[in-house]
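Observations on chain architecture
What follows is each chain in one-letter form.
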Amino acid sequence: MAENVSFPSICLEFMHFGRNILGFTLLEILIASVIMAAITTFAAVGINTLLDCKKTENEKPKLAFEAFQLLNEIEKNLENKCTSLGNLLIHENAYPFQFSPSGPGHDFENSAYPSLSFFIHSPEGPRAICYGLAPLPALISKNSPAALGLFKFTLDTASSVTILENFSSEDDLYTPFPTENMGKLANLLSDSTVLFEMHLVKLAPDGMALDYLNTDARAIKMYAGKWTLEGAIKFEDVLFTEITLGLLPKSLHGQYFSSVDRKSFLKKNGFQLSRLLPWYI
């Protein structure tokens, strides 16, 4: 008589047979599939990270060249700046020169938009000029409030004369440059710049080393031949001004401003360049 065989026992025999043939159970196949999926995911993430790193490295030479060109632009106008001690006998104006860590523009996550403002010579007369960071126009920022750029805004002769006639040592030179005009596309020099600083430099007491007077990029004022740092600290014998620019691909601006260590983030993903310029009145 044939032996009775139940359905469960048939399934067990089939699974046992399958193991003998393929070497795996269904559970082992499922575990292997999960592991393979995880490996594939990690591999994809790793490849994307490498591609991002490669893309960043490819961007750096472009950023370096752009920083070089921007410093050339600023240096050109600094060499053409108007500076004067002022002379009441012949009614000569004293021309202000200022760097501010909170110039035209609004704060982005408590980070101000720095600006450098001074007067330059022109055939029509002295004209006020301002270099500063500001939000990029929506047309190219894709409505990202973190995307910044470096702008140059020059006032006409009439507006510049009005500033000079009414300026005092307590005034801020960036005030006459309206925010809405500062960030216009026509004034844009760079859509990559996220860092803009100015430092004053003099010789150290030993007469050899350089002594940086404001490594923290505090506000600087020069009016009627007198330098003042934020906090009413006055000093003399400035020999150099140093301009520092930091550039990043536009897509990384948001990550830069939300980064805990912006200095390291910029070093890893972007490019920073400084230029030491001789100061003269």
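Computed from a predicted structure; not experimentally measured. (Residues numbered from 1 in each chain as written. Predicted model: local features only at pLDDT ≥ 70, side-chain atom pairs only at ≥ 80, totals over all residues. Heavy atoms only, no water.)

Moving on: the overall build of the chain. Secondary structure assignment for the chain yields seven helices and 13 strands. The buried share among the 281 residues of the chain stands at 38%. Summed over all atoms, the accessible surface of the chain reaches about 16,500 Å², with 61% contributed by carbon and sulfur. (Helix = DSSP H or I, 4+ residues; strand = E, 2+ residues; numbered from the N terminus. Buried < 20%, exposed > 50% of the residue type's maximum accessible area, 1.4 Å probe, protein only. Areas by Shrake-Rupley, 256 points an atom, 1.4 Å probe, with all protein chains shown as cover.)

Here we take up the side chain of S117. One can find S117 in strand β3 (residues 115–120). A relative accessible area of 1% places S117 in the buried class. Not counting residues within four places of it along the chain, the set of residues in contact with S117 comprises P96, F97, Q98, I129, C130, L173, Y174 and F177. (Contact = heavy atoms within 4.5 Å.)

Now for the sheet that holds strand β13 (residues 271–278). The strand order β8-β7-β12-β13 describes an open sheet built from four strands, whose pairing is antiparallel. The outermost strands of the open sheet, each flanked by one partner alone, are β8 (210–212) and β13. Going across the sheet, the axis of each strand differs from the next one's by a mean of 30 degrees, ignoring polarity. In the sheet, strand β7 (residues 193–203) pairs with β8 via three bridges, with the strands oriented antiparallel. (Pairing = 2+ DSSP bridges. Axes fitted to C-alpha atoms, helices over the stretch in contact; angles between N-to-C directions.)

Moving on: the pairing of strand β5 (residues 148–154). Across the seven residues of β5, five count as buried, placing the element largely inside the fold. Pairing of strand β4 (residues 127–135) with β5 involves seven bridges; the strand directions are antiparallel. By the bridge assignment for β5, L133 is matched with L150. Of the strand pairs in this sheet, β5 and strand β6 (residues 188–190) are connected by two bridges, and their pairing is antiparallel. From the neighbouring strand, L150 faces β6, where its bridge partner is S190.

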